[in-house]
Amino acid sequence: MKLQRKNRLRALSLGAIAVSGALALTACGSDDTSGGSGGSGEKTNANANIKCDDAKGQLAASGSSAQKNAIDAWRKVYSTACKDVQLNYNPTGSGAGITAFMQGQTAFAGSDSALKPEEIEASKKVCKNSQAIDLPMVGGPIAVGYNVPGVDNLVLDAATLAKIFDDKIKTWDDEAIQKLNPDAKLPGTKIQAFHRSDESGTTDNFTKYLKGAAPSAWSHEPGKSWQAKGGQSANGSSGVAGQVKQTEGAISYFELSYASDGINTVDLKTDAKEPVKATVDNASKAISEAKVVGKGKDLALELNYKPTAEGAYPITLVTYEVLCEKGNKAETLAATKSFLTYIASEDGQNVLKENDYAPIPAEIISKVRTTVAGLS
Amino acid sequence: MDIPSSTTSPTSPPPRHDVKPSQVTPKRAARGATRPGDRIFLGLSRGSGIALLVIMAAIAAFLTYRAALALSDNTGNFLTTFEWDPAGTATNGKPYFGIAVLVFGTVVSSIIALVIAVPIAIGIALFISHYAPRRLATPIAFVIDLLAAVPSIVYGLWGALVVAPNLTGLYSWLDDYFGWTGIFSYQGGAPRSLMTVGILLAIMILPIITNVSREVFLQVPKMHEEAALALGATRWETIRMSVLPFARSGVISASMLGLGRALGETIAVATVLSPSFVINASVLDFGGGTFAQNIASKFNEATEYGRDALIASGLVLFVITLLVNGAARLIIARRKEYSGANA
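Residues numbered from 1 in each chain as written. Chains lettered and ligands numbered in written order. Predicted model: local features only at pLDDT ≥ 70, side-chain atom pairs only at ≥ 80, totals over all residues. Heavy atoms only, no water.

A. Main features of the overall build of chain B. Tallying secondary structure elements over chain B gives 12 helices and two strands in all. In sequence order, chain B lays out its α and β elements as α-α-β-β-α-α-α-α-α-α-α-α-α-α. The buried share of chain B, taken over its 343 residues, is 49%. When contacts within chain B are restricted to residue pairs at least 6 apart in sequence, those whose partners lie at least 24 apart make up 74%. Per element, the accessible surface of chain B, about 16,900 Å² overall, is 67% carbon and sulfur. (Helix = DSSP H or I, 4+ residues; strand = E, 2+ residues; numbered from the N terminus. Buried < 20%, exposed > 50% of the residue type's maximum accessible area, 1.4 Å probe, protein only. Contact = heavy atoms within 4.5 Å. Areas by Shrake-Rupley, 256 points an atom, 1.4 Å probe, with all protein chains shown as cover.)

B. Focus on empty space enclosed by the protein. If you walk through the whole model with that rule in mind, you get two cavities of 30 Å³ or more. Computed from the structure, the largest cavity encloses a volume of approximately 320 Å³. Around the largest cavity sit 24 residues that line it, and A:Trp226, B:Pro275, B:Ser276, B:Phe277 and B:Lys298 are the ones nearest its centre. Only β6 (192-196) of chain A together with β1 (84-85), α3 (100-131) and α11 (291-299) of chain B provide two or more residues apiece to the lining of the largest cavity. The element that contributes the greatest number of residues to the lining of the largest cavity is α11(B), accounting for three residues. Class assignment of the residues belonging to the lining of the largest cavity gives a composition of eight nonpolar, 10 polar and six charged. Every residue lining the second largest cavity is listed: B:Phe104, B:Leu194, B:Val278, B:Asn280, B:Ser282, B:Asp285, B:Gly287 and B:Gly288. (1 Å grid on protein atoms, 1.4 Å probe; cavity = no way out; pocket = protein on both sides within 12 Å on 5 of 7 lines; lining within 4 Å. Points joined across faces, edges and corners; volume = space filled by probe spheres on them. Nonpolar A, V, L, I, M, F, W, Y, C, P; charged D, E, K, R; others polar.)

C. Structural detail: the nonpolar core. Grouped together as the largest cluster of nonpolar side chains are 109 residues, with contacts concentrated most on A:Trp74, A:Met137, A:Leu161, A:Phe165 and A:Ile251. By residue number, the principal contributor to this core is strand β4 (residues 132-146) of chain A, which donates nine residues. When sequence neighbours within four positions are dropped, the list of residues in contact with A:Met137 reads A:Trp74, A:Thr319, A:Glu321, A:Leu340, A:Ile343, A:Ala344, A:Gln349, A:Leu352, A:Ile360, A:Val368 and A:Val372. One finds B:Phe97, B:Ile205, B:Val269 and B:Phe291 within the second-largest nonpolar core, a separate group that totals 84 residues. (Core = buried A, V, L, I, M, F, W, Y, C linked by side-chain atoms within 4.5 Å.)

D. Here's a closer look at the state of the cysteines. Residues and elements named next belong to chain A. Considering all chains together, one arrives at two disulfides over all chains under this definition. At a sulfur-sulfur separation of 1.9 Å, the disulfide partner of Cys52 is Cys82. The sign of the S-S torsion, about -95 degrees, decides the handedness of the disulfide formed by Cys52 and Cys82: left-handed. Taken as a pair, Cys52 in the loop between α1 (2-34) and β1 (57-63) and Cys82 in the loop between α2 (68-81) and β2 (85-90) lie far apart in primary sequence, 30 residues in all. By relative accessible area, which is 18% here, Cys52 ends up buried. You can call Cys82 buried: its relative accessible area is 3%. Each disulfide pairs two cysteine sulfurs, and for Cys127 the partner residue is Cys324, the sulfurs being separated by 1.9 Å. (Disulfide = S-S within 2.5 Å.)

E. The pairing of strand β3 (residues 108-111) of chain A, seen in detail. Residue and element names in this part refer to chain A. Burial along β3 is two-sided: Phe108 and Gly110 and Ala109 and Ser111, pointing in opposite directions, are all buried. When β1 meets β3, the two strands line up parallel, connected through three bridges. Paired with Ala61 across the two strands is Phe108, which belongs to β3. Bridge analysis of β3 against strand β13 (residues 316-324) gives three bridges, and the strand direction is antiparallel. Across the sheet, residue Ser111 finds its bridge partner in β13, namely Tyr320. (Pairing = 2+ DSSP bridges.)

F. Geometry of the side chain of B:Ser276. Summarising the element assignment, B:Ser276 is placed in the loop between α10 (267-272) and α11. Residue contacts for B:Ser276: discarding those within four places in its chain leaves B:Val101, B:Gly287, B:Gly288 and B:Gly289.

G. Local environment of the interface of chain B and chain A. Facing the 38 residues of chain B at the interface are 41 residues of chain A. Of the roughly 3,400 Å² buried at the junction of chain B and chain A (both faces included), carbon and sulfur atoms supply 58%. The tally of links between chain B and chain A comes to one salt bridge. The closest approach of N and O atoms between B:Glu83 and A:Lys229, which form a salt bridge, is 3.7 Å. Here chain B is connected to chain A by nine residue pairs in polar contact (both at pLDDT 80 or more). Going through the elements one at a time, α4 (134-149), α5 (152-163), α11 and α12 (304-335) of chain B are the ones with two or more residues in the side of chain B that touches chain A. (Buried area = accessible area lost by both parts, 1.4 Å probe. Salt bridge = Lys/Arg side-chain N within 4 Å of Asp/Glu carboxyl O. Polar contact = N/O pair within 3.5 Å; in protein donor to acceptor, adjacent residues only side chain to side chain.)

H. Focus on the pattern of salt bridges. Residues and elements named next belong to chain B. Under the criterion given, the structure shown has 13 salt bridges over all chains. Measuring nitrogen to oxygen at the nearest pair gives 2.6 Å for the salt bridge that ties Asp308 to Arg66. Of this pair, Asp308 sits in helix α12 while Arg66 is found in helix α2 (residues 36-71), placing the two residues 242 residues apart along the sequence.

I. Main features of the environment of A:Leu115. All names here are of chain A. Its location among the elements puts Leu115 in the loop between β3 and α4 (117-122). Residue classification places Leu115 among the buried residues on the basis of a relative accessible area of 9%. For the pair Leu115 and Ala330, spaced 215 residues apart in the sequence, the C-alpha separation amounts to 23 Å. Those residues in contact with Leu115 that lie beyond four places of it in its chain are Ile98, Ile120, Ala132, Ile133, Asp134 and Val322.

J. Summary view of the pairing of strand β8 (residues 250-255) of chain A. Residue and element names in this part refer to chain A. Burial within β8 is extensive, with six of its six residues counted as buried. Note that β4 and β8 share five bridges and pair antiparallel. Counted as the bridge partner of Gly145 is Ser252 from β8. In terms of strand pairing, β6 meets β8 through two bridges, oriented parallel. The residue of β8 that forms the bridge with Ala193 is Ile251.

K. Spatial organisation of the confidence of the model for chain A. Residues and elements named next belong to chain A. The share of residues in chain A with pLDDT of 70 or more is 87%, and the mean pLDDT across the chain is 84. Highest mean pLDDT in chain A belongs to helix α5 (residues 158-165) (94); lowest belongs to α1 (47). A low-confidence stretch, residues 21-46 stays under pLDDT 50, and its non-local contacts, those more than four residues away or across chains, total 27 contacts. (pLDDT = per-residue confidence, 0-100.)

Laid out in structure tokens, this is it:
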């Protein structure tokens, strides 16, 4: 009898633990899902000079997730002025965005990289008698974040970065790093380099930089998927940023906005005298050295990865809006034009800075404005 | 008597201790279909059955068609290449991809999940069906159902933010004592490995295995258990001699249901794993990948062709799942005679 009661008691307490444990677990879970948004708390100037004309209806767009926060910020301002337009931007990724645009599902696509020649050729189908063009609208620095306790300032150059991400420099107290940081107390911790496990425009631009600025140290082809062997990976910008935060010795690359909560970023040693910090202004300076390489109305840019100007931060990402030069769908043309006119305007570009993005330099954005005005 | 396990679903109601399976055979019901109600019901159920086959055939046809498009241009060996580059970034635009790493990762992580989950699930199910008092059994069964209701992305976030960072200690310990096997050697690095994925998958498939096993344990004829008790068997001996043999095939099919979920789990794996196209002998080191994770990671930015390549890998997963289910059916069919159900 006694024995049985004891058993029952034990069973009861075991069960209680199971119940409370599982409840705690589900409670944790629901917390996680709700905390996803944020990063777009900008001050809205109630009325920017936005011309709605006769724009109305649904404006569907999709593509690059890198410009999602920018579009969200713009939409907040734009929708107060033009209440008849419902803008819906779906951050599916550049590739999926371009596909959706080519199939005529969306009015424009957001893309982290300019259209390839074969994509322009393919666009002739959806843009009757015309073709698709790239309009640079959003720039941004790609920051290199690291987690090395006791090191608050870290200077690296392109070749060292390339070797770190290619698994050739393995510890933080490596000579090459020490040479660039004579005053820092570098620990002997293993370097844990993280890259994106999903295909991403950020990876594309980051590897383009490594290849462009240190071709001898980086032998892999740049691309949306990581080509180097070795290294660890995580899903999405928030994934890699999270890993940097929780893993000692970690280093990774992501858009600057992900570095905002307590992640140290690397200062880049360029051909200029002083190492350059990853800031919005410094990125703008580097983008202003870009050349327009698109033909005709196409404003695709080629970035300069070896700037010599002081304070130009060369690891940048320029994202484009992709749409038809002529032959856009009649029912969304007015809304598209009105929205793009706003985001290319001075007010629109100023919104970017408040959201850790870099505005497009004046010379290029004025060309964008002319092109937007001529869309049909 | 038929084996009830294959028809019970994880959402079935909490323990029914005294309800016996109905004795009506399907044959009789079909022959009596003369009234309109019967005919309509027959049509509806037959339609559902046919719809299932049509949907499966449509999926298979779609996968095969798109996969054929991708495979005809692949310059790598689809089965043995350790690379996923359908865009041909490194090879001047020539697609080069293969599934070797994905097969390995999918199978290994699922096996780890089963090895961890099945014993625990059987334990929970036995506790609910044979040990726990009724007023405790019901809430536990409820909590298990709750576990099944948590979306997999939440498991993924929990795994990546809470579980994985806390596994370093365990992995170092495993490395110290079992590192010599090669399977459990640990180089350091964030513990985002196939083992971590396996542990997470184990938690995710626990509810389905538990629920089905519990139902099966409750179906064990009372006579068997009473006979064992009458022979002087202890409770554990009763379970070993009468409950487990009877329930074996049911537990196997429960495990296969769980395995099916583990094989196909997508977003939780993509969040927790640190994927790369290498095969590690050690399950503790980062790297590897699974079919579903790879599709989820690559799909958004993939070109039209890249998507076809991903679909080709999806076809392989489809086939693997089919094989696993077939094997499970075989095992169940063979065990049927020994289950004691005919006694």
